Amino acid sequence: MKTTDTVAIQEFQHIHEIISFRRSRALQTVNHENLLSAWEVGAFVSERLKNSAWGSKTVMQLSEYLRTQDPTLRGYSRSNIYNMVLFYDTYSSLQFAQYQEKLKINEFVQPKTGQIDNSLIF
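Since the model is a prediction, treat every value here as computed from it, not as a measurement.

Analysis parameters
Residues numbered from 1 in each chain as written. Predicted model: local features only at pLDDT ≥ 70, side-chain atom pairs only at ≥ 80, totals over all residues. Heavy atoms only, no water. Phe/Tyr/Trp six-rings, centres within 6.5 Å; stacked < 30°, edge-to-face > 60°. Helix = DSSP H or I, 4+ residues; strand = E, 2+ residues; numbered from the N terminus. Buried < 20%, exposed > 50% of the residue type's maximum accessible area, 1.4 Å probe, protein only. Core = buried A, V, L, I, M, F, W, Y, C linked by side-chain atoms within 4.5 Å. Contact = heavy atoms within 4.5 Å. Expected span 1.5 Å × (residues − 1). Arc of directions from axis to C-beta. Axes fitted to C-alpha atoms, helices over the stretch in contact; angles between N-to-C directions. Parallel < 35°, antiparallel > 145°, perpendicular 65-115°, else oblique.

### Concerning the packing of aromatic side chains
Under the defined criterion, the tally for this structure stands at five aromatic pairs. Here the aromatic rings of Trp39 and Phe87 are separated by 5.6 Å at their centres, their planes lie at 85°, and the arrangement is edge-to-face. A residue pair is termed long-range when its members are at least 10 positions apart, and Trp39 in helix α1 (residues 3-50) and Phe87 in helix α3 (residues 78-91) qualify at 48 residues. Between Trp39 and Tyr88, the ring centres sit 4.8 Å apart and the planes meet at 70°, which makes this aromatic pair edge-to-face. With Trp39 in helix α1 and Tyr88 in helix α3, the pair connects residues that are 49 residues apart, well separated along the chain. Note on Trp39: relative accessible area 28%, which makes it partly exposed.

Following this line, the structure appears as structure tokens:
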């Protein structure tokens, strides 16, 4: 292989690393926003259920309403909405906060194998 071919391949690999890094960052952002959406929906619905403003029928109506308002919207079935409530109730509980404090966990960190190599930042 010629030296120019080797240089071109190295440059192509560099471009591929840029694309992979940015794609990974975009997916992290989308995941973050999806979690925030689930958290906020869960908090809202949880509060309505706890103060008896809503019942199980209302959650089904919400699911149907969302589906009719935006047919492209996915992930808001009755059971998924209840999962969002469970997510919110579990991780906003005093018991979880105390457990987190006991372990001195300030943030959740992805396993090393799932992290992006900082040397790819340009």
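There is more to say, and it comes next.
### A word on the nonpolar core
Val45, Val59, Leu62, Ile81 and Val85 form the largest nonpolar core, which has five residues in total. The contacts of Val45, once residues within four sequence positions are left out, are Trp54, Val59, Leu62, Ile81 and Val85.

### Topic: α3
In this model α3 runs 20 Å from its N-terminal to its C-terminal C-alpha over 14 residues, within 8% of the 20 Å that 1.5 Å per residue would give. Those residues of α3 that fall on the buried side of the exposure criterion are Ile81, Met84 and Val85. With its buried residues spanning 100° around the axis, α3 presents them on a single face. Buried residues along α3 sit in contact with α1 and α2 (56-69).

### Here we look at the packing of α1 against α3
For the pair α1 and α3, interaxial distance at closest approach is 7 Å and the crossing angle is 90°. Classified by the interaxial angle, the pair formed by α1 and α3 is roughly perpendicular. Taking contact as the criterion, the partners of Leu35, Ala38, Trp39, Val41, Gly42, Ala43, Val45, Ser46, Leu49 and Lys50 in α1 are, on α3, Ile81, Tyr82, Met84, Val85, Phe87, Tyr88, Asp89 and Tyr91.

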